[in-house]
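Single-letter residue listing:
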Amino acid sequence: MKKLSLNAQILLGTGSGVALGLWFAMLGQESSVTQNSLYVAKLIGTLFIDLLRMVMIPLVFTSIVVGVANLRLHQQMNRVWQGTLVFFASTMALAVLLGLTAANLFQPGSGLQIAMFQDAMQSFQVTQMSLPDFFAHFMHSLFQNPMTALAQGNVLAVVIFALLLGIALVVGGERYRNILVLMQEFLELILMLVGWIMRLAPFGIMALLLQLVATQDTGLLSTLFKFVVVVLGITLLHGVVLLPLILYLITGMSPLKFWLGAREALITAFATSSSAATMPITLRCAEQHLHVKRDIAGFVIPLGTTMNMDGTALYEAVAALFIANLVGVELDLSQQMVVFVTAMLAALGAPGIPSAGMVTMVMVLQSVGLPAEAIAILLPIDRILDTVRTTVNVEGDLVGSLVVQKWASQDR
Ligand code: ASP
């Protein structure tokens, strides 16, 4: 019998994960079949995420060092980093704008009473996170002892150290050639490990989706139906229409070709809700399927994983306006501008892990005087909303790598 391709296996894993999840949801949480299956699914799902996280930090480190060193060697560095930052900032701004417009148009949360959620909010402790605190914390997390950063998995600090090391390798020149070669070979080895881990992807994705579908709180989902529909609708508009349009206008690549190349990463992002855990697969898709040069992908993808989060930025804006409606506060234009800026910062500062956006959202709410405890209302449904926003976060990184590659290759 002909062996199924990895892509076909992943699609099969996705479909059967959802179908089995629905079946277990129908059987009910009390049934022993459901409990045992959820136990096994948890083991497999966690194993898959652990394996990805195992290679993520070495991959971020080596791919940025090698990417920066090679880009500087080929005098492309300026164009690439400028293009990357412009792309990240403009697409995130677009996402927040879209979120604010939709929230103003559809007014999710109006008609609901905050009193309905009093219980949830009372038992919820908020850690204070004002804008200055957030900023100080963010600045502090940029520079760390590299060993600590590597050991603790602080992606941002690893990125910064790797950027500096990459630049130093080029400035140092021929003398440090051996270290560069070593890094290049190390990167290739890690990518080989990623290839092996991918064989487990169909099972990992199936297990994660099964758990997600079987354990959903559908009651709350229907109470917050309008909010959920607005968030999902706008996130999909950004991911299915706007990002592919930008990609097409700048590079001429058709959306279909893009999605076929990106699907392994997009499905993994959906199932894991973590752009950091997905990053090894994102990098693999960028290089192997979408043919982004290794140096460019190795720079844009790890950086984008920590900084570029369109889905999160959009969500923070819609959620802030939702909570304002819930407590009956009308945010004027200047307050919405504050939401605009803080939502972008909150997305920039959120690490690529599940529900990270919820934590940084405290800052957005506090910046316009909204009660941060209201986040307790959104937490129970966050696992499901996080799937789509993480997918769009990862999609933004992939589109970014293609766009930056195009910009970097122009009139040279
Ligand atoms: N889960 C998202 C990510 O990993 C971050 C968020 O919570 O918005 O990209």
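That block above? That's the structure.
Notes on the structure follow. (Residues numbered from 1 in each chain as written. Predicted model: local features only at pLDDT ≥ 70, side-chain atom pairs only at ≥ 80, totals over all residues. Heavy atoms only, no water.)

1. Examining the packing of aromatic side chains
- All told, the structure shown has five aromatic pairs when counted by the stated rule.
- For the ring pair Phe61 and Phe161, a centre distance of 6.3 Å and an interplane angle of 10 degrees mean the geometry is stacked. Separated by 100 residues along the polypeptide, Phe61 in helix 2 (residues 32-73) and Phe161 in helix 7 (residues 155-172) bring together distant segments of the chain.
- Ring centres of Phe227 and Tyr315 lie 6.1 Å apart, and the angle between their planes is 55 degrees; this geometry places the pair in the tilted category. Pair noted here: Phe227 is in helix 11 (residues 225-251) and Tyr315 is in helix 15 (residues 310-326), with a separation of 88 residues, a long-range link. (Phe/Tyr/Trp six-rings, centres within 6.5 Å; stacked < 30°, edge-to-face > 60°. Helix = DSSP H or I, 4+ residues; strand = E, 2+ residues; numbered from the N terminus.)

2. Overview of the packing of helix 2 against helix 8 (residues 177-198)
- The N-to-C vectors of helix 2 and helix 8 enclose an angle of 145 degrees; their axes lie 9 Å apart at closest approach. The two elements helix 2 and helix 8 cross, and the hand of that crossing is left-handed.
- Per-class residue counts for the contact of helix 2 with helix 8 are 20 nonpolar, four polar and no charged. (Axes fitted to C-alpha atoms, helices over the stretch in contact; angles between N-to-C directions. Left-handed = near helix turned anticlockwise from the far one by under 90°. Nonpolar A, V, L, I, M, F, W, Y, C, P; charged D, E, K, R; others polar.)

3. Thoughts on the nonpolar core
- One finds Phe258, Phe299 and Leu398 to be the most contacted residues of the largest nonpolar core, which totals 75 residues.
- The greatest single-element share of this core, amounting to 15 residues, is contributed by helix 2.
- Counting residues in each nonpolar core, the second largest holds 53 residues, with Ala320, Val364, Val368 and Ala374 among its members. (Core = buried A, V, L, I, M, F, W, Y, C linked by side-chain atoms within 4.5 Å. Buried < 20%, exposed > 50% of the residue type's maximum accessible area, 1.4 Å probe, protein only.)

4. Describing the site of the ligand
- Around the ligand sit 15 residues, and of these Ser275, Thr312, Gly357, Asp386 and Arg389 come closest.
- Measuring from an oxygen atom of the ligand, one finds a backbone N or O atom of Gly357 at 2.8 Å.
- Bound to the protein, the ligand loses 100% of the 270 Å² it would expose on its own.
- Those elements giving two or more residues to the shell around the ligand turn out to be helix 17 (356-367) and helix 19 (382-409). (Near = heavy atom within 4 Å. Polar contact = N/O pair within 3.5 Å; in protein donor to acceptor, adjacent residues only side chain to side chain. Areas by Shrake-Rupley, 256 points an atom, 1.4 Å probe, with all protein chains shown as cover.)

5. Observations regarding unusual backbone geometry
- Phi angles above zero are rare outside glycine, and Gln107 is one such case at about 45 degrees.
- A residue is classified by how much of its surface remains accessible, and Gln107, at 28% relative accessible area, is partly exposed.
- Even without being a glycine, Ser355 presents a positive backbone phi close to 60 degrees.
- In this structure, Ser355 sits in the loop between helix 16 (333-349) and helix 17.

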